[in-house]
Amino acid sequence: MIIQIEKNISDKQYKNLIEKLDSINYKYTNVSTQFQDYLIAIGKQDFDIRSIGSMEGVKDLHRVSDNYKLVSRKWKVQETIIDLGDNVKIGGGHFALMAGPCSIEGEEQIEDTVEHLHKNNIKIMRGGVYKPRSSPYSFRGLGLDGLKLFYNACKTKGIKIITEVMQVSQIDNMLDYVDIFQVGARNAQNFNLLDALGKIDKPVLLKRGISGTIDELLQAAEYVFSSGNEKILLCERGIRSFEKSYRNTLDLNAVPVLKDKSHLPVIVDPSHGIGVRKHVEKMALAGIMAGADGLIIEVHSSPEKAFSDGQQTLSFTEADSLYRKINKLVELKKSF
Ligand code: PEP
Ligand code: MN
């Protein structure tokens, strides 16, 4: 059960509420986010919901039987809109395109990409400065220095930054330079990291774990929300299956299912999802048809020279053509 409590609930009203929950044997957790205060109450006993709903200090009350609660659509029917400022919004009918290299490699590469995005009116640039790599001997990112270069270049063109955070200790230093913190597939159940990201006031994009279920992704989102941050995006980036013909299996089933279960925006990552450059376009467009609120795509001026994930990265020319199709399809879809 989710109890939305009034901001100005008195101590007495709060005490009465807690006593009521104790009396029906419900365990409760206090959740305060940047927007609202809640009590998440869990128990088995049957009771008349109106006996709590009518109490003073209670704004609203919802029974949610799912394991995840605050990210469920069962209490918040309206889609969440993530507002990055400067009129850049994601979700609730606002489609977001995010593009950029797998890794931030240096000043020239950043500037080339910023120019490419600006030309195509794309407002969000991706790029990793902390790279989780399968081999410790591969390029592992330029770190904070790279992030500062990334920030300076994007700031001049009003482009927002999404980049991966790998551990709790990085958050503070990254905070001023990041618009969306990405949690990578390999960190999908790093609960310490999720808790810590719940304590900041910046949006968080959660990638589905490499073998993660939909329920696990939603539970990861619940960690962030219940720690105080309602600004969450879910990302389908492909799961590991028995199939070896492509890097991952982009599970587009997840898109309508996630959107049905949760009010959070859903982003599709066709680059990691299939991992094969020549097929990225088709999967990107399929993601839109499946209902995605946005796409995150890897692009590079010379994919064959990229420090990481070149095999799935589009050239600027390929990307230009894809953006045109995306824009057309997003428009067309509005008429359905
Ligand atoms: C990435 O976005 O470059 C990345 C490493 O993604 P994932 O965590 O989905 O593998
Ligand atoms: Mn990558």
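Before reading further, recall that the structure is shown in the block above.
Residues numbered from 1 in each chain as written. Chains lettered and ligands numbered in written order. Predicted model: local features only at pLDDT ≥ 70, side-chain atom pairs only at ≥ 80, totals over all residues. Heavy atoms only, no water.

Draft legend 1. Representation of the site of ligand 1 within the structure. The environment of ligand 1 is made up of Cys102, Arg126, Lys131, Glu164, Gln182, Gly184, Ala185, Arg186, Lys207, Arg237, His272 and Glu298. Surface burial for ligand 1 is 97%, taken as the share of its 300 Å² of free accessible area covered by protein chains. Taking a 2 Å distance to the grid points as the criterion, the majority of the atoms of ligand 1 fall inside the second largest pocket. Partitioned by chemical class, the residues of the shell around ligand 1 number two nonpolar, three polar and seven charged. (Near = heavy atom within 4 Å. Areas by Shrake-Rupley, 256 points an atom, 1.4 Å probe, with all protein chains shown as cover. 1 Å grid on protein atoms, 1.4 Å probe; cavity = no way out; pocket = protein on both sides within 12 Å on 5 of 7 lines; lining within 4 Å. Sits in = over half its atoms within 2 Å of the grid points. Nonpolar A, V, L, I, M, F, W, Y, C, P; charged D, E, K, R; others polar.)

Draft legend 2. Inspection of a nonpolar patch on the surface at higher detail. A cluster of nonpolar side chains, namely Met289, Leu332 and Phe336, defines an oily patch on the protein surface of about 330 Å² accessible area. Assignment of secondary structure puts leucine 332 in helix α11 (residues 316–334). (Patch = residues over 30% accessible without salt bridge, like charges linked within 9 Å, V, L, I, M, F, W, Y side chains within 5 Å. Salt bridge = Lys/Arg side-chain N within 4 Å of Asp/Glu carboxyl O. Helix = DSSP H or I, 4+ residues; strand = E, 2+ residues; numbered from the N terminus.)

Draft legend 3. Focus on the pattern of salt bridges. Taken as a whole and assessed by the stated rule, the structure comprises 17 salt bridges. The residue aspartate 48 makes a salt bridge to arginine 50 at a minimum N-O spacing of 3.1 Å. Arginine 50 gets classed as exposed once you look at its relative accessible area, which sits at 63%. As a salt-bridge pair, aspartate 309 and arginine 247 come within 3.1 Å of each other at their nearest N and O atoms. On the criterion of sequence distance, the pair formed by aspartate 309 in the loop between β14 (294–298) and α11 and arginine 247 in the loop between β12 (232–236) and α8 (254–261) is long-range, its members being 62 residues apart. On the basis of relative accessibility, which here comes to 13%, the residue aspartate 309 falls in the buried class. Using a relative accessible area of 35% as the deciding quantity, one classes arginine 247 as partly exposed. (Buried < 20%, exposed > 50% of the residue type's maximum accessible area, 1.4 Å probe, protein only.)

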